[in-house]
Amino acid sequence: MGALFGRWWVLLLVAILSACAQPPRAPQLIDHDRTAWDGRLALRIASDPPQSFFAGFELRGNARSGDLSLLSPLGSILGRLEWSPGDALLRWNGESRRFTSIEALTRKATGTELPITSLFHWLVGEQTRGDGWDADLSGLSDGKIVARRSMPAPAVEMRLVFE
């Protein structure tokens, strides 16, 4: 009876452990016509004091015109950025502010200019450098991009994980 109980215990343990395992993610093919991405964003800025920001995101459009919604862990909208040539709008905490460009908006919102034009190139697998930014696209087929800027100060790291 003890040996039989021991075998069932091992089978139960194997079943529980296999239920926790996740199948490997299928590589994503790069779609040059794609205009929408969802996922998670982490931004670290080595300013004084250092800043970190984590949020879900929904990105639509292209470098010339689009919108970016930042989401809480529960899915509510924390803020929204919208841009088109010569105009950018930031909606945050119930307030709206207009800017002359998406670059000016990101500079005001984060203290540093984020590489929106380069980001859209990176999203379709095109390795471009923008204003000191370097992107590691080796994880793109697994839905990951890491971009860093060391100069000009402050140093910035942006991580994107797509769903």
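None of these values were measured; they are calculated from a predicted model. (Residues numbered from 1 in each chain as written. Predicted model: local features only at pLDDT ≥ 70, side-chain atom pairs only at ≥ 80, totals over all residues. Heavy atoms only, no water.)

Chemist: Honestly, the sheet that holds strand β2 (residues 51-61) in this entry has me stumped. Any pointers?
Modeler: What holds strands together in a sheet is hydrogen bonding between their backbones, with the strands either parallel or antiparallel. Read from one edge of the open sheet, nine strands run β6-β5-β4-β3-β2-β1-β9-β8-β7, paired in antiparallel fashion. On the outer flanks of this sheet lie β6 (95-99) and β7 (133-136), each paired with one strand and no other. Looking at each pair of strands side by side, their axes are set apart by 20 degrees on average, direction ignored. Bridge count for strand β4 (residues 77-84) against strand β5 (residues 87-92) is six bridges, and the pairing is antiparallel. In the strand pairing of β5, G79 is matched with W92. Sitting on the sheet, helix α2 (residues 102-110) is in contact with β1 (36-45), β2, β4, β5 and β6, with an inclination near 30 degrees to β5. (Pairing = 2+ DSSP bridges. Helix = DSSP H or I, 4+ residues; strand = E, 2+ residues; numbered from the N terminus. Axes fitted to C-alpha atoms, helices over the stretch in contact; angles between N-to-C directions. Contact = heavy atoms within 4.5 Å.)

Chemist: How do you make sense of the pattern of salt bridges when you look at a structure like this?
Modeler: When the charged atoms of two side chains with opposite charge come close together, those side chains can pair. This model, assessed by the stated rule, comprises ten salt bridges. One salt bridge in this structure joins E157 and R44, with 2.4 Å as the shortest N-O distance. Highlighted residues: E157 in strand β9 (residues 156-162) and R44 in strand β1, separated in sequence by 113 residues. The class for R44 is partly exposed, based on a relative accessible area of 44%. In this structure, the salt-bridge partner of E82 is R80, at a minimum N-O distance of 2.9 Å. For E82, a relative accessible area of 25% corresponds to the partly exposed category. (Salt bridge = Lys/Arg side-chain N within 4 Å of Asp/Glu carboxyl O. Buried < 20%, exposed > 50% of the residue type's maximum accessible area, 1.4 Å probe, protein only.)

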